[in-house]
Amino acid sequence: MPHAPLTTLSEIVPPLLAWYRANARDLPWRKTRDSYRVWVSEIMLQQTRVAAVLGYYQRFLSAFPSVEALAHAPEERLMKLWEGLGYYSRARNLQSAARTVATDLGGEFPDTYEGLLALPGVGDYTASAVASASFGRREPAVDGNVLRVFTRLTDCHGDIADPKTKKSIREQIEPIMPIEPEDIRVFNQAFMELGAVVCVPGGPPKCDVCPLADSCLGRRLGTAESLPVKSPKKARRVEEKTVFLFSRSGKIALRKRPSDGLLAGLWEFPNADGTLDEAAAGAQSILWGLTPSAWNQRLTAKHIFSHVEWHMTGYVLEVSGDGPGDFFWADGPELEKRAIPSAFARFLSEAKILLGEKGTEKNLEGGTSPWA
Ligand code: SF4
């Protein structure tokens, strides 16, 4: 459908900057230009809501106030501080990049887009965001919010899952960016903020309070709510698992996940592939060298990752025996110290109850072992 283009895209800049200066949310990472702090916030905010990041950000920086502190952090402490934030490879990449900065770059972050892009875990968006926020570089930070605002504003129907669309949008934004470093910082933040609080996803945009309403083609043409166009993701794979809460003398069995792959190096409750019935779960326990003495309850839980869903069945078992060499028997304080991903949250809360109440018989629906 033919439509009148914006007179020039640059007409959005003055109202966008003015709106941000009057309305920006007060967020701690916006009060600093320190590249380490900006970088930590940008990594934490990837695929994670602002409200969820706030507490983690403060705790993380208290624990690791400098890039050197992060570079030398014990892995266990790092992962514990990241526990619950998800996408744990981000924490590993943070430390890997911190080591590069601390060791190879004399503790100074690269001050260019290209230099930042070379660090582990830093992609196009993060490099642009840090280069602009910390160093005032004219680099458009194009995240999902910016893609949404831009496609609505210009009535762009390109598929934003296609890297070519993203590249084209970046190339259209770059020439309209302000020149002054302070305005550059504000411009990128403002574009993202508008998408986060006004030109919102998952519902009608709030065009009546939008500073760009007079320029917006999507609003004028009635297409805004149907934009952006995004090709559907592939369906997630479903994996079934059986999780074991083995309890023995006030301790619960844990084991460490492999050092690569999903949730690499984090702690988990022993588990096996597939949904095992009680007899099969008992047989698996015996294979691990454990003898169940009381069979307690069956739990179910589901956890959704970006590409896979875990559908879990769990058994709470009192056992005797040590289990394989990679089992670690944790009491309450030891359990607290270890980073256990939120995929196991249902089982972790049960484990805490078990350890907190000293003994499993009292608080569970006790029963006779079906394997006795
Ligand atoms: Fe988004 Fe509406 Fe503003 Fe256009 S006018 S940018 S659709 S909030």
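Caption draft 1: Spotlight on the packing of helix α9 (residues 144-154) against helix α11 (residues 181-197). α11 packs onto α9 with a crossing angle of 80° between their chain directions and a minimal axis gap of 8 Å. Our classification of the angle between α9 and α11 gives roughly perpendicular. Contacts from Asn145, Val146, Arg148, Val149 and Phe150 of α9 reach α11 at Phe191, Met192, Leu194, Gly195 and Ala196.

Caption draft 2: A look at the packing of aromatic side chains. Tallied over the full model, the rule gives 16 aromatic pairs. With 5.0 Å between their ring centres and 70° between their planes, Phe305 and Trp310 make a pair best called edge-to-face. Neither residue differs from the other here; Phe305 and Trp310 are each classed as buried. These aromatic residues form a ring-pair network of at least three members: Phe244, Phe246, Trp288, Tyr315 and Phe327.

Caption draft 3: Fine view of the site of the ligand. As a structural note, the neighbourhood of the ligand is formed by Arg152, Val198, Cys199, Pro205, Cys207, Cys210, Ala213, Cys216, Arg219 and Ala224. Within the shell around the ligand, the residues separate by chemical class into eight nonpolar, no polar and two charged.

Caption draft 4: Focus on unusual backbone geometry. Along the chain, Leu227 connects to Pro228 via a cis peptide bond; the corresponding omega equals 0°. Positive phi, normally seen in glycine, also occurs at Tyr87, with a value near 45°. Of note, Tyr87 is situated in the loop between α5 (75-82) and α6 (89-104). Even without glycine at this site, Asp155 takes up a positive phi of about 55°. As for its position among the elements, Asp155 is in the loop between α9 and α10 (163-173). Asp155 sits in the buried class, given a relative accessible area of 11%.

Caption draft 5: Just the pairing of strand β5 (residues 291-304), in detail. Judged from the 11 bridges that link them, β5 and strand β6 (residues 308-320) form a sheet pairing that is antiparallel. Residue pairing in the sheet places Ala301 in a bridge with Met312 of β6. The hairpin formed by β5 and β6 contains three residues between the paired strands.

Caption draft 6: Region of interest: α11. For α11, built from 17 residues, the straight-helix expectation of 24 Å at 1.5 Å per residue is met to within 8% by its first-to-last C-alpha distance of 24 Å. Three or more residues of α11 are buried, namely Ile184, Arg185, Val186, Phe187, Asn188, Gln189, Ala190, Phe191, Met192, Glu193, Leu194 and Gly195. For α11, the secondary structure elements touched by its buried residues are α1 (13-23), α2 (35-45), α8 (124-135), α9 and α10.

Caption draft 7: Expanded view of the pairing of strand β1 (residues 237-248). Where β1 lies against β6, 11 bridges are found, and the strand directions are parallel. By the bridge assignment, Phe246 is partnered in β6 with Leu317. Sheet topology places β1 next to strand β4 (residues 271-273); three bridges connect them, and they run antiparallel. Its bridge partner lying in β4, Lys241 is registered against Asp273. Pairing of β1 with strand β2 (residues 251-256), which is carried by two bridges, proceeds in the antiparallel orientation. The partner of Ser247 across the bridge, within β2, is Ile252. The antiparallel hairpin formed by β1 and β2 contains two residues in its connecting segment, where Ser249 sits at a positive phi of about 45°.

Each value, and the rule that gives it
Residues numbered from 1 in each chain as written. Predicted model: local features only at pLDDT ≥ 70, side-chain atom pairs only at ≥ 80, totals over all residues. Heavy atoms only, no water. Axes fitted to C-alpha atoms, helices over the stretch in contact; angles between N-to-C directions. Helix = DSSP H or I, 4+ residues; strand = E, 2+ residues; numbered from the N terminus. Parallel < 35°, antiparallel > 145°, perpendicular 65-115°, else oblique. Contact = heavy atoms within 4.5 Å. Phe/Tyr/Trp six-rings, centres within 6.5 Å; stacked < 30°, edge-to-face > 60°. Buried < 20%, exposed > 50% of the residue type's maximum accessible area, 1.4 Å probe, protein only. Near = heavy atom within 4 Å. Nonpolar A, V, L, I, M, F, W, Y, C, P; charged D, E, K, R; others polar. Pairing = 2+ DSSP bridges. Expected span 1.5 Å × (residues − 1).

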